[in-house]
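Remarks on the overall topology
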Amino acid sequence: MSRMTGASIDRDEVARFDALAARWWDERGPMAVLHKFNPVRVGYIRDEACRIFDRDPAAPFPLEGLSVIDIGCGGGVLSEPLARLGASVTGLDPASGNVAAARAHAEAEGLSIDYRDETIEAVAARGERFDIVLAMEVVEHVSDRAGFLHACCTTVKPGGLLFAATLNRTMRSFALAIVGAEYVLRWLPRGTHDWEKFVTPRELAADLAAGGLTVTDTTGVVYNPLNDSWRASRDTGVNYMIAAHRPA
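Residues numbered from 1 in each chain as written. Predicted model: local features only at pLDDT ≥ 70, side-chain atom pairs only at ≥ 80, totals over all residues. Heavy atoms only, no water.

Heads up, the rule is: UniProt positions are given in the numbering used here, feature names are shortened, and annotations may be inferred rather than shown by experiment.
The name given to the protein in an unreviewed UniProt entry is Ubiquinone biosynthesis O-methyltransferase, and the organism recorded there is Methylorubrum rhodesianum. Quoted straight from UniProt, the Sequence similarities (unreviewed entry) entry for the protein says "Belongs to the methyltransferase superfamily. UbiG/COQ3 family." Per UniProt, the protein carries the Pathway (unreviewed entry) text "Cofactor biosynthesis; ubiquinone biosynthesis."

Following this line, the structure appears as structure tokens:
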């Protein structure tokens, strides 16, 4: 972790995910749920970005010419499909094992993605700016949410977008995302989530507003056990995604 300089880093969380680095692309391994969840994330980002940037989501490369930074990119499960949609993608992760796994997989797939083992605070301090900033399934793992989101917002270009996906702090999320997913179904390793770090849509919107962004959409994501798949929903009681825009 050669460039870990962010105050929002939770080193225990980094170590936890670093230990899983070799299994990011194992669709039956610890990240199986993420792989099933991923098409919903990709579709949401593509469609909202096309709406704001006036693109055709059905085009072969609808994100062509747009710069994207994927914060907490892990092994690149989200970064790679966005690169295939034409985006110029930078992937950040403070866990060096994750970055190594992401680089190796992208190279094997013939994809050019700029993976870095550093923090968004370091990127923001250098003055780098992006059309699309992603904080997907990472907000609930940082030690300083407000500071982390401020850095995220800082890196959004005028006219750009920030996407976040996280877990709502409700009793239902405790029952389903922690008790159910970690202890009963064992979809995730025990201790993956801390319910007290979950954030409500109102709290997240307030943090983004403090960074100069306006939430343009909030969408829930729900699991369908009948076909073992995830879909977008109006129900934000457990998982949800937010899109926020910086005025041009």
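**Side note on helix 4 (residues 96-109)**
Basically, it comes down to this: Put simply, DSSP H or I for four residues or longer makes a helix, DSSP E for two residues or longer makes a strand, and each gets a number counted from the N terminus. Helix span, as expected, comes to 1.5 Å for every residue beyond the first. Exposed residues in this analysis have more than 50% of their type's maximum accessible area, buried residues have under 20%, and partly exposed residues fall in between, with area computed by a 1.4 Å probe over protein chains only. Taking the helix axis as origin, the arc is that swept by the directions to the C-beta atoms.
Here helix 4 contains 14 residues, and its C-alpha end-to-end distance of 20 Å stays within 8% of the 20 Å for a straight helix at 1.5 Å per residue. Within the sequence span of helix 4, burial applies to N98, V99, A101, A102 and A106. Burial along helix 4 is one-sided: seen end-on, the buried residues are contained in an arc of 165 degrees. Opposite its buried face, helix 4 presents the exposed residues E107 and A108, each directed more than 90 degrees away. Two residues or fewer past helix 4, G110 is found with a positive phi of approximately 75 degrees.

**Some points on the sheet that holds strand 5 (residues 156-167)**
Here is the rule: One bridge is not enough; two strands pair if DSSP finds at least two bridges between them. Throughout, an axis means a line fitted to C-alpha atoms (over the contacting stretch in the case of helices), and angles, computed between N-to-C directions, take values from 0 to 180 degrees. The criterion used for residue contact is that any of the two residues' heavy atoms lie within 4.5 Å.
Read from one edge to the other, the open sheet built from eight strands follows the order 3-2-1-4-5-8-6-7, with strand pairing classed as mixed. Of all strands in the sheet, those bounded by a partner on one side alone are strand 3 (114-116) and strand 7 (229-233). Averaged over all adjacent pairs, the angle separating strand axes in this sheet is 20 degrees, with direction ignored. Inspection of the sheet shows strand 1 (residues 67-71) paired to strand 4 (residues 130-136) by three bridges, in the parallel sense. Within the sheet, the bridge partner assigned to D70 lies in strand 4 and is L134. Along the sheet, helix 6 (residues 145-154) contacts strand 1, strand 4 and strand 5; its crossing angle with strand 5, the most-contacted strand, is approximately 145 degrees. Docked against the sheet, helix 8 (residues 201-210) engages strand 5, strand 6 (214-224) and strand 8 (239-245), running at close to 25 degrees with respect to strand 8.

**Some details on the environment of V42**
Take V42: it is sitting in helix 2 (residues 32-53). Sequence separation between V42 and S79 is 37 residues, and the spatial gap between their C-alpha atoms is 9.4 Å. Non-local contacts of V42, meaning those with residues more than four positions away in its chain, are made with L78, P81 and L85.

**Comments concerning the packing of aromatic side chains**
Convention followed: Note on aromatic pairs: the rings of Phe, Tyr and Trp (six-membered ring only in Trp) are paired at centre separations within 6.5 Å, and the planes decide the class, stacked below 30 degrees, edge-to-face beyond 60, tilted for the rest.
In the structure shown here, the tally under the stated rule is three aromatic pairs. Residues F37 and W230 carry aromatic rings whose centres are separated by 5.3 Å and whose planes lie at 75 degrees to one another, so their mutual orientation is edge-to-face. Of this pair, F37 sits in helix 2 while W230 sits in strand 7, and the two are 193 residues apart along the sequence. In this structure F37 comes out as buried when scored by relative accessible area, which is 6%.

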